[in-house]
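What follows is the residue order along each chain.
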Amino acid sequence: MDDLADATIRPRPRHRLAFGLAVLTALAWTVGGLVAGARTSDPTLASQVLHPVAGPELIVAGALLLLVHAWVFRRQPDPGPAGGIVVVGVVCAGLAAEHLIHAADLFAVSLAALGMGLLISRPRAPTPTGVILGAAMALSPLLVGAAAGGLSAARRMDASCPTARRTVRLGAGVVLGFALVGLAGWMDGRPVWVALAIPEPLSRLGPAAVWRFGAEIADLAAPLLGLGLLGLWIGGQIKNGENVLSPESFPLDHAVRVWMIVNVLALLCFPTACAAHAIVWFAPQALLVPTGWRAVRKSLTATLPFSMKLTLAAFATLLALLTWPAIRAAGGTILVALTAS
Amino acid sequence: MRSEPHNPVGRAWTWRLWLCLAVLGILAVHGIGRVGAFCSPIRADSYAYSGFAWRIAQGDVLYRDLLVDKPPGLLWLLAPVHLVAPAARWPLIPWESAWMLAGYWAFYRAARALYARQIALALTVVAVLAVNVFLLTDYTTEGFSLAESYLLLPTAGAVALYWRAARRGRWGRFVWTGVLLGICLALKQTALPLLVAVAAHATTWDLIVDRAPGRWATRAAGLLLGIGIVAAAVAAVLAAQGVLPDAWHSMTTRASGLLRRETGWPGRWRDVVPLWVPLGWCALGVVLWAHSRPTPRANTHSPAGRNLTFLLLWLAAECLMLVLLPRRSFHYYAISCLPVILLSGMFWAALRRDRAAVPAPIAKVVFATAILGSAIAFRPVIDELVPVSISRVRSYDAAVDRNAFENAKQSSDIRVK
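If you're wondering where the values come from, they're calculated on a predicted model, not measured in any experiment.

Enquirer: Where do I start with the overall build of chain A in this structure?
Expert: Helix and strand content of chain A: 14 helices and zero strands. Listing each helix as α and each strand as β along chain A from the N terminus yields α-α-α-α-α-α-α-α-α-α-α-α-α-α. Residues classed as buried in chain A amount to 54% of the 341 residues present. Once local pairs closer than 6 in sequence are excluded, the contacts in chain A between residues at least 24 apart make up 81%. Carbon and sulfur atoms form 69% of the exposed surface of chain A, whose accessible area is close to 15,100 Å².

Given below as structure tokens:
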């Protein structure tokens, strides 16, 4: 493990430049996609009928939230949440540009990502974190996994106050945030249980819907999901490394694992097979993408055997080729929407 | 190329986990593939074979009452099922599955002779996927209970046994290899490329490279004895039934008339979707092999080099056969793809060999990238396997199945597929 932190395999300037360009491209893509999705928003879309609070302004707000969050948390000991939400934003941009995402889902995921970031960077203030996670859960019931992950991680965190007390405060925050958003929805004319219950008939649940859902969204999400899983794996492998990740990364790792497990259960109960839910399922993996990216970047700068260099190059090319059709389609939509008068 | 784990305690659990996952995956793919093939709306070979096998079980004589242009092995293999099971096609399901599952095990043993157990297990999963997809998506026939399903076991078994025999040099194993080759030929003529590969490999190595004519003669005698035992048994039964000349005419003259009618060569990349990933691994493996070999002679003279030479000979023979076969039917590829999949392990073996040169996390990054990239590239295969199988199950009509079986029982001629 110490070899990873060795000075001889530090990233060279050209790798830093490539990394910076990649991040800038991702940010530009995110802004373009989300703005294009907002500008061409259609209020008659089924997604916005299901979620009356959704609208272009919410998409833009979600995008801003993602970007601000990424900026604020970029220098944390573990940049997982910051980089991860950039990845979330990239996927959201592709989906939003194609009108495949619920604005409420996007906003909810943004809140969940913010909650995870706060959970790591502000361990002494669990109540506001809980409020944010509860609000996210109220906006999209599928984000119950984020709240569960947060509670589970809070129970394990080692900070000033007792862990039981921290968990209670975080849980109270979750309930409060959930209630506030539910109340707002009720005042807006929606039944409270719309925020927490599944509005579709139970007959629509089942493996067939899950399979259709997977087939519909996989073209866009599969390669990125692969990278996310890579990040998860690497995060799990090197979480104990003193020179690679800070000890604070452990709660994030644990929270994301719990979030993923709950999401698998939630996936089986998805009421509708739609691409918007992909982002909810994808979000926890995305939070660990930067961890995987750091390891990949170090491996690229290390002295690797030819076989490993060839493998990385070949499969990076493959992933790029697989992702390209979806990028091209969404990019065309973005350009048309941004250039239209 | 083959190496053992360094930390048995730590790796035992990992190995058991991977083994459980692989077995579950193999059973799932096999189940989906077999159910989809059984429920196929195409009603051709499996109905004819099961109908003929039922008639043989009732006392009819092959090549006299029933005309086929294949060796008798397949129908003789299916006939005993109808001695104990009712006259229908479904009793062949467990019989075929038992042979195929044993064939998967034999393939694992063959791969194990070349590679570490993790690589052999991964190649077995890929082989199961490829075999089932090729059989399921063959739109010229239904892919259920074909000769290829039963060929998998003796083919992979013969390869594994031949490698062990060549390494240890025991004469008895060459006899058993010959017996398995004889069983392959008794099932279908398309097993000929494997026989050609074994003969060419043994001759090349013993006579030309090692210049040991005595050893070559001993081994060739063992192989020929094994093949001869099976051939003599088949010929004796046919002669006792008085149909030996007719059987020989059907298996050779009549069957060869179908060759060169069209071609079985896959004309499009789309035809070999299950082989995209293994072919990619092969390409990477060849590059790594060319890059890393210290000297050509030292590399090709190693046991692994000899086995790889055999695989190349087998692949060349299979390709030649595909060119000559009468039609582009995907079920031909179910056996022809095996040398490609075995060769593709070169890539993983090279990667595994170099993993000690870098820190463990970095090696894990590389392996994770390769595994996930390969898994994503396999998605078109899964996308084809599962929906096709589900749609066939939904459209399956048992009454139509029974009628087709009854009609097949009345027929008296099967053309080669």
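Enquirer: Mind showing me how you'd approach the packing of aromatic side chains here?
Expert: Two descriptors summarise a pair of aromatic rings, namely the distance from one centre to the other and the angle between the planes of the rings. Per the counting criterion, the structure on display carries 16 aromatic pairs over all chains. When the centroid spacing of 5.5 Å and the interplanar angle of 80° are considered together, the rings of F134 of chain B and Y333 of chain B count as edge-to-face. Taken as a pair, F134 of chain B in helix α5 (residues 117-136) and Y333 of chain B in helix α14 (residues 333-336) lie far apart in primary sequence, 199 residues in all. Residue Y333 of chain B is classed as buried on the basis of its relative accessible area, which comes to 3%. When the centroid spacing of 6.4 Å and the interplanar angle of 75° are considered together, the rings of W281 of chain B and F378 of chain B count as edge-to-face. Here F378 of chain B lies in the loop between α16 (360-377) and α17 (379-394) and W281 of chain B lies in helix α11 (residues 276-292), a separation of 97 residues in the sequence. With respect to class, W281 of chain B is no different from F378 of chain B; both count as buried. A connected cluster of aromatic rings, assembled from ring pairs, spans F315 of chain A together with W281, F347, W348, F367 and F378 of chain B. Between the NZ or CZ atom of R89 of chain B and the centre of the ring of F38 of chain B, over which it lies, the distance is 4.2 Å.

Enquirer: How should I be thinking about the nonpolar core in this particular structure?
Expert: Considering soluble globular proteins, one finds that nonpolar side chains tend to be buried as a cluster. W163 and F310 of chain B are the most contacted members of the largest nonpolar core, which has 130 residues in total. The element contributing the most residues to this core is α5 of chain B, with 14 residues. Excluding its chain neighbours within four sequence positions, the residues that come into contact with W163 of chain B are A110, A113, L114, N307, F310, L311 and L342 of chain B. Membership of the second largest hydrophobic core comes to 26 residues, among which are V109, L114, A138 and A153 of chain A.

Enquirer: Is there a simple way to think about the pattern of salt bridges in this case?
Expert: Residue and element names in this part refer to chain B. By the definition in use, this model includes 13 salt bridges over all chains. Across the salt bridge formed by D206 and R215, the nearest N and O atoms sit 2.8 Å from each other. The salt bridge involving E406 is made with K409; its shortest N-O contact spans 3.2 Å. Residue E406 and its partner K409 are both found in helix α18 (residues 398-410); the two are separated by three residues, about one turn of the helix.

Enquirer: For this particular structure, what's the right way to read the packing of α11 of chain B against helix α15 (residues 338-354) of chain B?
Expert: Geometrically, a packed helix pair is captured by the angle between its two axes and the distance between the axes. Residue and element names in this part refer to chain B. Across the interface, α11 lies against α15 with an axial gap of 7 Å and an inter-helix angle of 50°. By the criterion of interaxial angle, the relationship of α11 to α15 is oblique. Note that α11 runs across α15; the crossing there is left-handed. Facing α11, whose interface residues are P278, L279, W281, C282, L284, G285, V286, L288, W289 and S292, α15 presents V340, I341, L343, S344, M346, F347, W348, A350 and R353.

Enquirer: When you look at a positive patch on the surface in this model, what are you seeing that I'm missing?
Expert: Residues and elements named next belong to chain B. Together, R109, R164, R167, R168 and R170 line one region of the surface with positive charge. With three residues, the top contributor of residues to the positive patch is helix α6 (residues 147-168). Examined against the element boundaries, R167 turns out to sit in helix α6.

Enquirer: How should I be thinking about the packing of helix α2 (residues 45-57) of chain B against helix α3 (residues 73-84) of chain B in this particular structure?
Expert: Residues and elements named next belong to chain B. Between α2 and α3, the least distance of the axes is 7 Å, while the angle of their chain directions is 70°. When the axis of α2 is compared with that of α3, the two are roughly perpendicular. In the crossing of α2 with α3, the sense of the turn from one axis to the other is right-handed. Residues Y49, S50, F52, A53, W54, I56 and A57 of α2 form the contact with α3, whose participating residues are L74, L75, L78, A79, H82 and L83. Within the contact of α2 with α3, the residues separate by chemical class into 11 nonpolar, two polar and no charged.

Enquirer: I would appreciate a short explanation of the confidence of the model for chain B in the present structure.
Expert: Close reading of the predicted structure is inappropriate where its pLDDT is low. Residue and element names in this part refer to chain B. Of the residues in chain B, 93% reach a pLDDT of 70 or more, and the chain-wide mean stands at 87. Low pLDDT, under 50, characterises residues 1-5; the predicted model gives this stretch 17 contacts beyond four residues in sequence or across chains. Scored as a whole, the predicted complex attains pTM 0.73, and scored at its interfaces, ipTM 0.80.

Enquirer: How should I be thinking about the side chain of S307 of chain A in this particular structure?
Expert: In this fold, S307 of chain A is placed in helix α14 (residues 306-339). We classify S307 of chain A as buried; its relative accessible area is 3%. Apart from the residues within four sequence positions on either side, S307 of chain A is in contact with L288, A350, L351 and D354 of chain B.

Enquirer: I would appreciate a short explanation of the side chain of H201 of chain B in the present structure.
Expert: Checked against the element boundaries, H201 of chain B lands in helix α8 (residues 192-209). Look past the residues within four positions of H201 of chain B in its chain and what remains in contact with it is Y162, R306, T309, F310 and L313 of chain B.

Enquirer: Teacher, can you tell me more about α18 of chain B here?
Expert: Note on helix geometry: an α-helix contains 3.6 residues per turn, so any two residues three or four positions apart are oriented the same way. All names here are of chain B. The end-to-end C-alpha distance of α18 is 19 Å, a good match for the 18 Å that 13 residues give at a rise of 1.5 Å each. Looking at α18, one finds that the buried residues are D401, A404, F405, A408 and K409. End-on, the buried residues of α18 take up no more than an arc of 140°, which puts them together on one face. Residues R402, N407 and Q410 are exposed on α18 and point more than 90 degrees away from its buried face. Its side-chain oxygen placed 3.0 Å from the backbone nitrogen of A399, D397 serves as the N-cap of α18.

Enquirer: Can you help me understand α3 of chain B in this one?
Expert: Restricting attention to buried positions, one finds in α3 of chain B the residues G73, L74, L75, L77, L78, A79, V81 and H82 of chain B. The inward-facing, buried residues of α3 of chain B abut α2, β1 (67-68), α4 (92-112), α6, α7 (171-187) and α18 of chain B.

Enquirer: Looking at this structure, I do not really get unusual backbone geometry. What am I missing?
Expert: Trans peptide bonds make up the majority, and among non-glycine residues the majority have a negative phi. Residues and elements named next belong to chain B. Despite not being glycine, Y63 has its phi angle at roughly 70°, a positive value. Mapped onto the elements, Y63 comes out in the loop between α2 and β1. One non-glycine residue with positive phi stands out, namely S145, at about 55°. Along the chain, the position of S145 falls in the loop between α5 and α6. Looking at S145, the relative accessible area reads 0%, which means it is buried.

Enquirer: In this structure, what is going on with the environment of S149 of chain B? I would like to understand it.
Expert: Residue and element names in this part refer to chain B. Topologically, S149 is positioned in helix α6. The spacing of S149 and C20 is 129 residues in sequence and 24 Å in space, taken between C-alpha atoms. What S149 contacts, discounting residues up to four positions off in sequence, is R34, E96, W99, M100 and L135.

About the cut-offs
- Residues numbered from 1 in each chain as written.
- Chains lettered and ligands numbered in written order.
- Predicted model: local features only at pLDDT ≥ 70, side-chain atom pairs only at ≥ 80, totals over all residues.
- Heavy atoms only, no water.
- Helix = DSSP H or I, 4+ residues; strand = E, 2+ residues; numbered from the N terminus.
- Buried < 20%, exposed > 50% of the residue type's maximum accessible area, 1.4 Å probe, protein only.
- Contact = heavy atoms within 4.5 Å.
- Areas by Shrake-Rupley, 256 points an atom, 1.4 Å probe, with all protein chains shown as cover.
- Phe/Tyr/Trp six-rings, centres within 6.5 Å; stacked < 30°, edge-to-face > 60°.
- Lys NZ or Arg CZ within 6 Å of the ring centre and 35° of its normal.
- Core = buried A, V, L, I, M, F, W, Y, C linked by side-chain atoms within 4.5 Å.
- Salt bridge = Lys/Arg side-chain N within 4 Å of Asp/Glu carboxyl O.
- Axes fitted to C-alpha atoms, helices over the stretch in contact; angles between N-to-C directions.
- Parallel < 35°, antiparallel > 145°, perpendicular 65-115°, else oblique.
- Left-handed = near helix turned anticlockwise from the far one by under 90°.
- Patch = residues over 30% accessible without salt bridge, like charges linked within 9 Å, V, L, I, M, F, W, Y side chains within 5 Å.
- Lys, Arg positive; Asp, Glu negative; His and termini not counted.
- Charge placed at Lys NZ, Arg CZ, Asp CG, Glu CD.
- Nonpolar A, V, L, I, M, F, W, Y, C, P; charged D, E, K, R; others polar.
- pLDDT = per-residue confidence, 0-100.
- Expected span 1.5 Å × (residues − 1).
- Arc of directions from axis to C-beta.
- Polar contact = N/O pair within 3.5 Å; in protein donor to acceptor, adjacent residues only side chain to side chain.

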